[in-house]
Amino acid sequence: MVSALSIPTGGCFLCAEGPKARILGMKCAVFVSSNDSAANAVGFRERPWKIADARLVLEDGSIWKAKSFGATGTQVGEVVFNTSLTGYQEILTDPSYAGQFVLMTNPHIGNTGVNFDDEESRRCFLAGLVIRSYSISTSNWRSAETLGRYLAKRNIMGIYDVDTRAITRRLREEGSLIGVLSTEQSKSDKELLEMSQSWDIVGVDLISGVTCESPYEWVDKTSDHWDFNSEGRHGEAYLVVAYDFGIKQNILRRLASFGCKITVVPSTWPASETLRMKPDGILFSNGPGDPSAVPYAVETVKELLGKAPIFGICMGHQLLGQALGGKTFKMKFGHHGGNHPVRNLRNGRVEISSQNHNYAVDPASLPDGIEVTHINLNDGTCAGLAFPALNIMSLQYHPEASPGPHDSDSVFWDFVDLMKRVKETA
């Protein structure tokens, strides 16, 4: 149905007139048509604004209508919210978001566009992006492309004009939910709901889909333009073998900036091959999903305990927790954002940290001798471990801070110092 206003010559006509009132009326003409030809015949064109053409259907039965940008189609994933104010490009390319829809609580997204310097991996791994307001214009001196075009090229779905505050409240109350994003009008709400209720992320090995296929050397450092902590670094270079469970490139840049020579290896790389390389230190990286879904990785970690100084980040921290005899558990809605306060229990210092994880280590399950070094001040969960007897240190959050604050960057110094002490006493 197409509606229009029909106005007589002169622009209006008088329906009634009196000394105190004047009533102005207009006739309304309505055209009913099953195609666009009738509308075009009388001068009508398509609306200049986009209408809702997508749905987000959550497993609890709620249906959220939205507008699409980026790719089209149907995709299933776990919905999580991220409280970062900036850094959406780093979030899009963080492999730890594999299998998840990321909802940004900051309402205005896309205004800085995207560039090709801030990538955290070789491609986007998340399932989709959910935002409140999509900026159709960009304003940043480094911008090379709009966010919508960037997502479309990488086959990533995005939706906007959806109530992200209401969805965030629902996730906080009910916990992370499985959802289905779809732009396909041929699929009914019931079909999409069934898809969301029949899929689960728990117990799925997501690491195998994000790890590298073969070893490679990493040499790039943080560029001088962005480096902020370059004084007093050790002159000696230390060989670090980094296990890629979904590693972010900025972790590698920071290690290289602190003088490390880095060889990155796949998640299935045998411990015997690592020891044959005679590393000064071993890094277990961040990565997506459930640590209990990758028992092969836990076994590799066990075989390397005590053989060289070890640093675990995020997933690497959780794998160390299991390898040392502890247990991990799924959190209600996880930690995702660049504003999480963490207390260093060794010196009392509070760091504002960048975090992205849905699982945590249960400190009560750890054997004696393992020290909890950091706690998250929002909920008291374990945010860091140390086992001095085996030269092990780990953090649940991201010290490379990409995106996020730089409060925790000094932990790379700690790892280098650990390798130095062990090498001097060998």
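Calculation criteria
Residues numbered from 1 in each chain as written. Predicted model: local features only at pLDDT ≥ 70, side-chain atom pairs only at ≥ 80, totals over all residues. Heavy atoms only, no water. Salt bridge = Lys/Arg side-chain N within 4 Å of Asp/Glu carboxyl O. Helix = DSSP H or I, 4+ residues; strand = E, 2+ residues; numbered from the N terminus. Buried < 20%, exposed > 50% of the residue type's maximum accessible area, 1.4 Å probe, protein only. Polar contact = N/O pair within 3.5 Å; in protein donor to acceptor, adjacent residues only side chain to side chain. Contact = heavy atoms within 4.5 Å. Pairing = 2+ DSSP bridges. Axes fitted to C-alpha atoms, helices over the stretch in contact; angles between N-to-C directions.

Draft legend 1. Focus on the pattern of salt bridges. Enumeration according to the criterion identifies 16 salt bridges in this entry. Of the charged contacts, one joins E400 and K248 as a salt bridge, the two residues approaching to 3.0 Å between their closest N and O atoms. Taken together, the residues E400 in the loop between β23 (392–395) and α10 (411–425) and K248 in the loop between β15 (238–244) and α6 (249–257) connect sequence positions 152 residues apart. Classification of E400 by relative accessible area gives buried; the value is 2%.

Draft legend 2. Representation of the side chain of E351 within the structure. Position of E351 relative to the elements: it lies in strand β20 (residues 350–362). The class for E351 is buried, based on a relative accessible area of 5%. Here the side chain of E351 touches Y397 through a polar contact of 2.9 Å, side chain to side chain. Beyond its immediate sequence surroundings of up to four residues, E351 is in contact with H340, P341, V342, N344, H374, Y397, D407 and S408.

Draft legend 3. Highlighting the sheet that holds strand β10 (residues 128–130). Strand order around the closed barrel formed by seven strands is β5-β6-β12-β10-β8-β7-β13, with mixed pairing between neighbours. The mean inter-strand angle of the sheet, taken between neighbouring strand axes irrespective of direction, is 35°. Bridge analysis of strand β6 (residues 63–70) against strand β12 (residues 157–160) gives four bridges, and the strand direction is antiparallel. Among the inter-strand pairings, G70 is bridged to a residue of β12, identified as M157. Strands β5 (54–58), β6, β7 (74–82), β8 (100–104), β10 and β13 (177–182) of the sheet are contacted by helix α4 (residues 164–174), whose axis makes an angle of about 80° with β7.

The analysis is restricted to geometry; functional conclusions fall outside its scope.
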